[in-house]
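Read off the chains here:
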Amino acid sequence: MKYIFFAPYKQLSLLAEQVCRELGLKDWVIEYGYMGDCVKAAKNYARQGAQVVVARGITADILDKNLNIPIVRLTTTPYDILPLVSQIQEKRQKIAVVGFPLTVYGIETMDSVFGHEFIEFPISSLEEIPEIIEKIKGLGITYVFGGSATFSQAQKAGLTGYLLETGKNTVAFAMKQAEEIVAAKSELTEKGLVAKYHFNHIVTQSHCMKDVIIQAEKFAAVDSTILITGETGTGKELFAQSIHNAGKRSSGPFMAVNCASIPEALLESELFGYESGAFTGARKNGKKGYFELASKGTLFLDEIGEIPCSLQSALLRVLQEHSIIRVGGDRIIPVNARIICATHQDL
């Protein structure tokens with residue numbers, strides 16, 4: 001069992017099972033569950049070896065905050081909405097779409113596609129739905145697309161409700177995406193480009209250290225460059241790996257580099273890579289540097305204080321411009337890696 005699929009309504013769980021049969025997908029567990037009810041089951045599956053979870057709406061948001069494994073979010077596409085729109089006979093109607101953020105992907109393009117005006121009403125909790133429905137009714141909108149709770153509330157208010165369901169193609173795409181994530185992770189594991197530790201591996205009784213963990217968890221949620229300072233042996237790389245695994249780049253590579261262990265003469269070519277013939281002994285086809293190898297993941301520069309002043313200006317440019325030039329090259333290469341640095345020095 002590698003993959004978990006949480007369906008908020010029974011029909012979706014049956015559809016997921018059908019997709020598994022038709023595509024010959026294995027190692028999937030299909031669960032019928034919603035919102036916070038899924039957290040305990042998801043954590044249990046993760047302990048048993050589950051590597052990816054597929055869910056939609058608020059359930060995906062809740063699981064993303066409580067799990068250390070990637071979440072593939074199910075969205076409803078314009079293709080899924082087509083059967084509902086075809087039931088509306090009148091032309092150029094206003095249609096309210098109620099749901100959690102990102103529930104419907106590409107809603108901004110739907111007006112021109114279907115010839116109706118779609119108005120999005122985002123919610124952050126189910127408790128908001130009655131008030132939203134009253135607002136929709138007050139605006140004179142008759143048609144409402146949404147989940148089961150929205151559908152029920154719209155019908156009670158005398159509006160025409162349509163149940164917004166996730167279609168078969170969308171389910172199949174999400175499942176294949178989950179399998180691609182696991183395949184990529186396996187490749188990174190073979191290369192040793194993975195972070196092994198999570199925040200729950202940091203065991204401490206110190207109130208000060210617990211505050212540091214809380215702060216680090218907040219930093220993990222954003223994509224900014226981070227500097228970790230502390231004496232040797234205080235667990236700086238443990239924090240760096242945990243931040244990577246708790247962030248949006250957790251499915252990408254984690255490249256750890258000890259700047260103090262690389263000779264100064266080689267440091268530039270190791271970080272930025274080099275082109276063919278850049279220097280004596282260079283590989284025929286050149287070589288990618290650590291910044292490129294960490295693409296879509298995290299580059300951890302340990303002992304950053306050991307980098308010579310002559311190289312710091314080049315490093316600053318990478319942080320500002322998100323691009324590098326290989327040694328001996330003349331091409332600007334975009335890089336997409338989060339940088340976490342660590343040092344025991346007082347910089």
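Before reading further, recall that the structure is shown in the block above.
Just so we're clear, the structure is a prediction, and the values are computed from it rather than from any experiment.

Visitor: Just to check I follow, could you spell out helix α8 (residues 168–191) for this structure?
Guide: Three- or four-residue spacings in an α-helix give side chains the same orientation, since the helix completes a turn every 3.6 residues. For α8, which comprises 24 residues, the first-to-last C-alpha distance of 35 Å matches the rise-based estimate of 34 Å (1.5 Å per residue) to within 8%. Looking at α8, one finds that the buried residues are T170, V171, A172, A174, M175, A178, E179, I181, V182 and L188. In the core, the buried residues of α8 are packed alongside β1 (3–7), α1 (10–23), β2 (28–32), β3 (52–56), β4 (71–74) and α4 (78–85). Just beyond α8, the residue with positive phi is G192, at close to 80 degrees.

Visitor: What am I meant to see in the packing of helix α2 (residues 37–47) against helix α3 (residues 57–66) here?
Guide: The description of two packed helices rests on the angle between their axes and on the distance between the axes. α3 packs onto α2 with a crossing angle of 45 degrees between their chain directions and a minimal axis gap of 10 Å. Taken together, α2 and α3 sit at an angle that is classed as oblique. Crossing hand, α2 versus α3: right-handed. Across the interface between the two elements, C38, V39, A42 and K43 from α2 touch T59, I62, L63 and N66 from α3.

Visitor: Would you take a moment to explain the pairing of β4 for this structure?
Guide: Side-chain direction in a regular strand flips from residue to residue, so the side chains alternate between the two faces of the sheet. Every second residue of β4 is oriented toward a common face, the buried set being V72 and L74 and the non-buried set I71 and R73. As defined by bridge partners, β3 adjoins β4 across four bridges and the pair is classed as parallel. Bridging from a neighbouring strand, A55 pairs with R73 of β4. In terms of handedness, the path from β3 via α3 over to β4 forms a crossover that is right-handed.

Visitor: Hey, could you run me through the sheet that holds strand β8 (residues 160–163) in this one?
Guide: Two strands in a sheet stick together by hydrogen bonds in their backbones, pointing the same way (parallel) or opposite ways (antiparallel). Here we have four strands laid out as an open sheet, ordered β6-β5-β7-β8, and parallel in their pairing. Strands with a single pairing partner mark the edges of an open sheet, and in this sheet they are β6 (117–122) and β8. Strand-to-strand twist across the sheet, computed as the mean angle between neighbouring axes with direction ignored, equals 25 degrees. The pairing of strand β7 (residues 143–146) with β8 spans four bridges and is classified as parallel. If you follow V144 over to β8, its bridge partner there is G161. Helix α7 (residues 148–156) contacts β5 (94–99), β7 and β8 of the sheet and is inclined by roughly 165 degrees relative to β8.

Visitor: Quick question: what am I supposed to make of the layout of surface pockets here?
Guide: In this approach, a probe sized like a water molecule rolls over the atoms, and the result shows the empty space that is left. When its volume is computed, the largest pocket comes out at roughly 840 Å³. As for the largest pocket, its lining consists of 30 residues, of which D64, I69, I71, A246 and G247 are closest to the centre. Going through the elements one at a time, α3, β4, α8, α9 (207–220) and α10 (236–246) are the ones with two or more residues in the lining of the largest pocket. Partitioned by chemical class, the residues of the lining of the largest pocket number 13 nonpolar, 12 polar and five charged. Taken as a whole, the second largest pocket encloses approximately 570 Å³ of empty space. Every residue lining the second largest pocket is counted, 24 residues in all, and those nearest its centre are A50, N68, I69, H198 and N245. Of all elements in the fold, only α2 and α8 reach the threshold of two or more residues within the lining of the second largest pocket.

Cut-offs used in this document
Residues numbered from 1 in each chain as written. Predicted model: local features only at pLDDT ≥ 70, side-chain atom pairs only at ≥ 80, totals over all residues. Heavy atoms only, no water. Helix = DSSP H or I, 4+ residues; strand = E, 2+ residues; numbered from the N terminus. Expected span 1.5 Å × (residues − 1). Buried < 20%, exposed > 50% of the residue type's maximum accessible area, 1.4 Å probe, protein only. Contact = heavy atoms within 4.5 Å. Axes fitted to C-alpha atoms, helices over the stretch in contact; angles between N-to-C directions. Parallel < 35°, antiparallel > 145°, perpendicular 65-115°, else oblique. Left-handed = near helix turned anticlockwise from the far one by under 90°. Pairing = 2+ DSSP bridges. Right-handed = clockwise from strand over helix to strand, strands pointing away. 1 Å grid on protein atoms, 1.4 Å probe; cavity = no way out; pocket = protein on both sides within 12 Å on 5 of 7 lines; lining within 4 Å. Points joined across faces, edges and corners; volume = space filled by probe spheres on them. Nonpolar A, V, L, I, M, F, W, Y, C, P; charged D, E, K, R; others polar.

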